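# Chain and residue survey
Single-letter residue listing:
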Amino acid sequence: MTRKLILLFALTLGACATTSPPEELSQEPPSQEQIRAWNGHRLLVDQVTGWTLTGRIVVNTPDEGWNGELHWSQNRDGYGIQFSAPFGQGAFQLVGSPQGVEMRFSDGKSFHAAAAESLLLEQLGWHLPLSSFQYWVTGLPGPGSASVLSYRPDGRLTGLKQGQWRVSYPEYSTVGDMMMPRKVFLENHELSVRLVIDHWILIKNHG
């Protein structure tokens, strides 16, 4: 039995699984007030040098779905991501560093690659751009490619489009002196992800 089939089961996450798809990005040009607010917000987020989040995640393809809990720790040197499905129906970890990425399964087997994207595709069949997702989850566009942004009145993003992906931010929550995404939805033509973040821990550079 493949890893993909071991981790596959019916969606049962309730509200997280029944959320509506991302809204279309606004075509209205941002006001000067929105741009100033966005620049101020982005400066605050740029001070974050590391973070940990815990939440619930649903991943859907046209034919299959997976849901579970997510624990993600990220810093400048690497990351650790734990996916765990309810009722013991599957779990795996991704541990990344400048030297590469390791995927560990609950049966003790592990696999290595230079990038997480290739491991997720090979083992689970997911085309998920984790290198960009680590920025999207904090409410920022990823570096290295053009993006289209849509703003709230307070300067935070309602959504963005980057590459083939559309990301929306239906809800934020207060984390210390900042506002961070509580819900992050992303999709393209073959995959959709719904992440509801229950808790953030931020490490900031006060320089």
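Source: prediction; values computed, not measured.

### Details of the pairing of strand 9 (residues 165-175)
Relative to strand 9, strand 8 (residues 157-162) runs antiparallel, the two sharing 4 bridges. Bridging from a neighbouring strand, Gly-159 pairs with Ser-168 of strand 9. The hairpin turn running from strand 8 into strand 9, its antiparallel successor, is 2 residues long, and Gly-163 in that turn takes a positive phi close to 60°. Two elements, strand 9 and strand 10 (residues 178-187), share 8 bridges in a ladder whose sense is antiparallel. If you follow Glu-171 over to strand 10, its bridge partner there is Lys-183. Counting the residues between successive antiparallel strands, the hairpin from strand 9 to strand 10 contains 2 residues, one of them, Gly-176, with a positive phi of roughly 65°.

### Some points on the sheet that holds strand 7 (residues 147-151)
Spatial ordering of the open sheet is given by 6-5-4-3-2-1-11-10-9-8-7, a layout of 11 strands whose pairing is antiparallel. Edge strands, defined here as strands with exactly one partner in the open sheet, are strand 6 (110-113) and strand 7. Pairwise comparison of adjacent strand axes, ignoring direction, gives a mean angle of 20° for this sheet. Note: strand 5 (residues 100-105) against strand 6, 4 bridges, orientation antiparallel. The partner of Glu-102 across the bridge, within strand 6, is His-112.

### A look at the confidence of the model for the protein
Confidence in the prediction of the protein, expressed as mean pLDDT, is 85, and 85% of residues score 70 or more. pLDDT under 50 marks residues 1-22. Its contacts with residues more than four places away, or in other chains, come to 56 contacts.

### Looking at helix 3 (residues 116-124)
Of the residues making up helix 3, those classed as buried are Ala-116, Leu-119, Leu-120, Gln-123 and Leu-124. The buried residues of helix 3 occupy an angular sector of 100° when the element is viewed end-on, so they sit on one face. Positive phi appears at Gly-125, one or two residues downstream of helix 3, with a value of about 80°.

### Remarks on the packing of aromatic side chains
Counted by the stated rule, this structure contains 13 aromatic pairs. For the ring pair Trp-66 and Phe-83, a centre distance of 5.7 Å and an interplane angle of 70° mean the geometry is edge-to-face. Of this pair, Trp-66 sits in strand 2 (residues 65-75) while Phe-83 sits in strand 3 (residues 78-84), and the two are 17 residues apart along the sequence. This pair shows no difference in class: Trp-66 is buried, exactly as Phe-83 is. When the ring of Phe-105 is compared with that of Phe-111, the centres are 6.0 Å apart and the planes differ by 80°; the resulting orientation is edge-to-face. Through successive ring pairs, a cluster of aromatic residues spans Trp-66, Phe-83, Phe-92, Phe-105, Phe-111 and Trp-126. The lysine or arginine in question, Arg-156, covers the ring of Tyr-172, its NZ or CZ lying 4.7 Å from the ring centre.

### Observations regarding the environment of Ser-192
With respect to the secondary-structure elements, Ser-192 resides in strand 11 (residues 192-204). Each C-alpha atom of the pair Ser-192 and Arg-166 lies 9.5 Å from the other, and the pair is 26 residues apart in sequence. Apart from the residues within four sequence positions on either side, Ser-192 is in contact with Val-58, Val-59, Asn-60, Leu-186 and Glu-187.

### Digging into the pairing of strand 1 (residues 48-60)
Strand direction decides the pairing type here: strand 1 and strand 11, joined by 12 bridges, are antiparallel. Residue pairing in the sheet places Ile-57 in a bridge with Leu-195 of strand 11. Pairing of strand 1 with strand 2, which is carried by 11 bridges, proceeds in the antiparallel orientation. Looking across to strand 2, one finds that Gly-55 is bridged to Leu-70. Counting the residues in the hairpin turn of strand 1 and strand 2 gives 4 residues.

Calculation rules
- Residues numbered from 1 in each chain as written.
- Predicted model: local features only at pLDDT ≥ 70, side-chain atom pairs only at ≥ 80, totals over all residues.
- Heavy atoms only, no water.
- Pairing = 2+ DSSP bridges.
- Helix = DSSP H or I, 4+ residues; strand = E, 2+ residues; numbered from the N terminus.
- Axes fitted to C-alpha atoms, helices over the stretch in contact; angles between N-to-C directions.
- pLDDT = per-residue confidence, 0-100.
- Contact = heavy atoms within 4.5 Å.
- Buried < 20%, exposed > 50% of the residue type's maximum accessible area, 1.4 Å probe, protein only.
- Arc of directions from axis to C-beta.
- Phe/Tyr/Trp six-rings, centres within 6.5 Å; stacked < 30°, edge-to-face > 60°.
- Lys NZ or Arg CZ within 6 Å of the ring centre and 35° of its normal.

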